[in-house]
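Geometric and topological summary
Each chain, letter by letter, is given below.
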Amino acid sequence: MPEQIGFVGLGIMGRPMVRNLMKAGYSVTVYDIVSEAVEELASEGAIPASSSDEVASKTDKIITMLPDSADSERAILGEGGVLAGAKSGSVIIDMSSIAPSMSQKIFKECANQGVEMLDAPVSGGEPGAINATLAIMVGGKQEIFDQCYDLLAVMGSNVVLTGDIGAGNITKLANQIIVAANIEALSEAMVLAQKAGVDPERVFNAIRGGLAGSTVMEAKAPMMLDRNFRAGFRIRLHQKDLRNVLQTAQELNVPLPVTALVQQMLGALVNDGEQDLDHSAILHFLEKLAHVEVKKGS
């Protein structure tokens, strides 16, 4: 009989992650507040549930994939939440990108009921979720990580235990600093080339093999050049991640001046109604300042 897995949160990331679990032979019981998402996956073989606690009552390993700290707290600790239905010895794997302090709060509540927990945020966006190539950064006990490794490896190509509970989300915040700063720097470079009358595509091809080359550049420069800002990772979610970065940094007395600046850029784009575009649309902020539009063949 296939192992029974629970999954709560069927958004842009959750749906393809569930599909990969089913493809690997797991039986997956699913729930989301958006009933259409549940129905869509049920039509593909998932087992529908009507609440988070129902998911937990039917499974021993429950994955949650939610937008922010408050969502994870509500879905796991709230009325009708995962913890309400979880059995002693169950494992909750919260793959949401949230504040590390919230992961630690949820862990303590779970431990009081004999429920184990890992925080396991991911990087790779929708393409990584679809292709099962996510980088998965895990915080928790070694023995619980070992129990869940094979399950996590179905969804990601790089699964690493980074420390105790909360360490997964600290690692994710570090990741989001680097990604945001890379996209912002790439945007500045593309805008400079465009304003100077040099084809940004040629600039990209010239520098991609040198020290400036990066995974971020390979993913985002083609999107910028094609004016394709369909969300793989939404601006509003990256703004949320950087908010969590800055809150955590404040708690630790760590100055992060560049991160703060990029977070303000993302906030300006949200105010302009661009919150659901891909975070490569940071380019728009720089284009507006320079009164130029990046395009191929300049």
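In the block above lies the structure referred to throughout.
The shown structure was predicted, so the numbers you read here are calculated from the model rather than taken from an experiment.

Let us now look at the packing of aromatic side chains. Summed over the entire model, instances satisfying the criterion amount to one aromatic pair. Summarising the aromatic geometry, the rings of Phe 145 and Tyr 149 are spaced 5.8 Å apart at their centres and angled 70° between planes, so their arrangement reads as edge-to-face. In this pair, Phe 145 and Tyr 149 both sit in helix H8 (residues 142–153), four residues apart, roughly one turn of the helix. Exposure remark for Phe 145: the relative accessible area of 7% places this residue in the buried category.

Each pair of packed helices can be described by the angle between their axes along with the distance between the axes. It is the contact of helix H9 (residues 167–196) with helix H13 (residues 257–271), at a shortest axis distance of 10 Å, that shows an interaxial angle of 65°. Taken as axis vectors, H9 and H13 run roughly perpendicular relative to one another. Crossing angle aside, the handedness with which H9 passes H13 is left-handed. Facing H9, whose interface residues are Ile 177, Ala 180, Ala 181 and Glu 184, H13 presents Val 258, Thr 259, Val 262 and Met 265. Tallied by class, residues from the contact of H9 with H13 come to six nonpolar, one polar and one charged.

Let's shift gears to the nonpolar core. Generally speaking, nonpolar side chains in soluble globular proteins are found buried as a group. Formed by 35 residues in total, the largest nonpolar core has its most connected members in Phe 7, Leu 21, Ile 93, Met 95 and Ile 136. Of all the secondary-structure elements, those providing two or more residues to this core are strand S1 (4–8), helix H1 (14–23), strand S2 (27–31), helix H2 (35–42), strand S5 (91–94), strand S8 (134–139) and H8. The element best represented in this core is H8, accounting for five residues. Setting aside chain neighbours within four positions, we find Ile 136 in contact with Met 95, Ala 120, Pro 121, Val 122, Leu 152, Met 155, Gly 156, Asn 158, Val 159 and Val 160. Val 179, Met 217, Val 262 and Ile 282 belong to the second-largest nonpolar core, a separate cluster that totals 28 residues.

Definitions and limits used
Residues numbered from 1 in each chain as written. Predicted model: local features only at pLDDT ≥ 70, side-chain atom pairs only at ≥ 80, totals over all residues. Heavy atoms only, no water. Phe/Tyr/Trp six-rings, centres within 6.5 Å; stacked < 30°, edge-to-face > 60°. Helix = DSSP H or I, 4+ residues; strand = E, 2+ residues; numbered from the N terminus. Buried < 20%, exposed > 50% of the residue type's maximum accessible area, 1.4 Å probe, protein only. Axes fitted to C-alpha atoms, helices over the stretch in contact; angles between N-to-C directions. Parallel < 35°, antiparallel > 145°, perpendicular 65-115°, else oblique. Left-handed = near helix turned anticlockwise from the far one by under 90°. Contact = heavy atoms within 4.5 Å. Nonpolar A, V, L, I, M, F, W, Y, C, P; charged D, E, K, R; others polar. Core = buried A, V, L, I, M, F, W, Y, C linked by side-chain atoms within 4.5 Å.

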